[in-house]
Amino acid sequence: MHILIIITLFFQFTYATCSDLNYDDCLYWSSFCEWNNFENQCQDIEGDDSNNNYGPFQFSSFNESNGLISSENYLGATVFYPIDAVPPYASIVIVPGAFSAETTLHQWGSYYASYGFIAMTIGINDYFNDDMSDLAYSLLDAIEVLKQENIREDSPILNKVDIYNFATSGWSIGGGSAQYAATIDSSLKAVIALNPGLAIQDYENCTNPNYEYYCLVPEHLNHSVPVLIISSQGDIENPTDLDAAVHYEYTPDSTTKMLFEIEGGNHDTGLNPDSGSGELGEKAIEWLNFHLLNELDYCNNLLNIPISAAQFYTNLNCQDFISGDIN
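Residues numbered from 1 in each chain as written. Predicted model: local features only at pLDDT ≥ 70, side-chain atom pairs only at ≥ 80, totals over all residues. Heavy atoms only, no water.

1. Comments concerning the side chain of Thr251
At step 1: By the secondary structure assignment, Thr251 is in the loop between α6 (244–250) and β12 (257–262).
At step 2: There is a polar contact of 3.0 Å between the side chain of Thr251 and the side chain of Gln179.
At step 3: Polar side-chain contacts of Thr251 include one of 2.7 Å to the backbone oxygen of His247.
At step 4: Look past the residues within four positions of Thr251 in its chain and what remains in contact with it is Gln179, Leu221, His223, Val227 and Lys257. (Helix = DSSP H or I, 4+ residues; strand = E, 2+ residues; numbered from the N terminus. Polar contact = N/O pair within 3.5 Å; in protein donor to acceptor, adjacent residues only side chain to side chain. Contact = heavy atoms within 4.5 Å.)

2. Considerations on the packing of helix α3 (residues 106–114) against helix α7 (residues 279–291)
At step 1: At their nearest, the axes of α3 and α7 sit 11 Å apart, and the two run at 55° to each other. The pairing of α3 with α7 is recorded here as oblique in orientation. The handedness of the crossing between α3 and α7 comes out as right-handed. Counting all contacts with α3, which are made through Trp108, Tyr111 and Tyr112, the residues of α7 involved are Leu280, Gly281, Glu282, Ala284, Ile285 and Leu288. (Axes fitted to C-alpha atoms, helices over the stretch in contact; angles between N-to-C directions. Parallel < 35°, antiparallel > 145°, perpendicular 65-115°, else oblique. Left-handed = near helix turned anticlockwise from the far one by under 90°.)

3. Observations regarding the packing of helix α4 (residues 132–149) against helix α5 (residues 173–184)
At step 1: Contact geometry for α4 and α5: axes closest at 8 Å, N-to-C directions at 70°. Considering the angle they form, α4 stands roughly perpendicular to α5. As α4 runs across α5, the sense of the crossing is right-handed. Across the interface between the two elements, Met132, Ser133, Leu135, Ala136, Tyr137, Leu139 and Leu140 from α4 touch Ile173, Ser177, Ala178, Tyr180, Ala181 and Ile184 from α5.
At step 2: Looking at the contact of α4 with α5 residue by residue, the class counts come to eleven nonpolar, two polar and no charged. (Nonpolar A, V, L, I, M, F, W, Y, C, P; charged D, E, K, R; others polar.)

4. Comments concerning the sheet that holds strand β5 (residues 89–95)
The pairing of strands in a sheet happens through backbone hydrogen bonds and is either parallel or antiparallel.
At step 1: Ordered in space as β3-β4-β6-β5-β7-β8-β11-β12-β13, the nine strands form an open sheet in which the pairing is mixed. Of all the strands in the sheet, just β3 (59–63) and β13 (309–314) have a single pairing partner and so form its edges. The sheet shows a mean angle of 15° between the axes of neighbouring strands, direction not considered.
At step 2: Pairing between strand β8 (residues 190–194) and strand β11 (residues 227–232): four bridges, direction parallel. In the sheet register, Ala193 faces β11, and the bridge partner there is Ile229.
At step 3: Docked against the sheet, α4 engages β3, β4 (77–82), β5, β6 (118–122) and β7 (161–171), running at close to 150° with respect to β7. (Pairing = 2+ DSSP bridges.)

5. Considering the confidence of the model for the protein
At step 1: Averaged over every residue, the pLDDT of the protein is 86; the share at 70 or more is 83%.
At step 2: Confidence over residues 1–16 falls short of pLDDT 50; this stretch has eight contacts with residues more than four positions distant or in other chains.
At step 3: Contacts for the low-pLDDT stretch residues 46–50, under 50 throughout, to residues beyond four places or in other chains number six contacts. (pLDDT = per-residue confidence, 0-100.)

6. Details of the pattern of salt bridges
At step 1: Taken as a whole, this structure holds four salt bridges when the rule is applied.
At step 2: Two residues, Asp253 and Lys257, come together in a salt bridge whose shortest N-O distance is 3.0 Å.
At step 3: Between Glu286 and Lys283 there is a salt bridge, and its shortest N-O distance comes to 3.7 Å. With a gap of three residues between them, Glu286 and Lys283 both fall in helix α7, about one helical turn apart.
At step 4: Since its relative accessible area comes to 8%, Glu286 is described here as buried. (Salt bridge = Lys/Arg side-chain N within 4 Å of Asp/Glu carboxyl O. Buried < 20%, exposed > 50% of the residue type's maximum accessible area, 1.4 Å probe, protein only.)

Written out as structure tokens, the structure is:
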């Protein structure tokens, strides 16, 4: 009977289009469709959405229409979680960039879940009034929601959340916000910033009134949380003082950090784990396995320079993580 229902739903979708779906059905078919907040309708996912590098685990997802606890600090959310991995699962929370729907990052949500992590994608409440520090607090609030889901009786991830190991991530200004979240909450275990941009309203450190005292200075990235920064050689959308290389430079040298610039590409490259012939997703999973799961064997893998890298910098030193006498 279950198989018949699934087949029936599939054929119903086959003979429909994404534009025929409501919001909840659009999220259900997130492998094919995404919700457009501006048009207030479902649409086909643009470009090549194929992902051939999924991990070993089956995964599923649920959202607020399925009982996920909601929050006033972000607009909608979807939780992707592994089905056949061994809980509890470490988690990563992801926010998109300006004028981008929460569904934009569903590829990453599915990808992380297939490798044994819980991944929660969240939307932006107000594209015009929520600044990047607001998005940082949205990410941290989503982490609190996951902790509540761990004890909610009807939650699919009841007692499956590792409540001590969380990472933040995001794309574009979401990537910058993920970095900034680490300055607020030092208990985070990792950050993955995808094509990040960041500007903070700071009347003390920002000196140009023409930008309403928005700027990026080293004080804004002063934290100790290990950060993987992804950029693209062809990314020209971020102003010079906001680009990924500056994020790497401004992050303290005492903080473990890595910059992986993908050859070619553009500002959208970070949206797809398959970018860089799959090396982007691979490096992200290694980063989480090492820093979230404390699997030390991944350290040397992280130091391998990707073939698709135009630039690659890191201060990661694997000897710092080897106990005992290394001789």
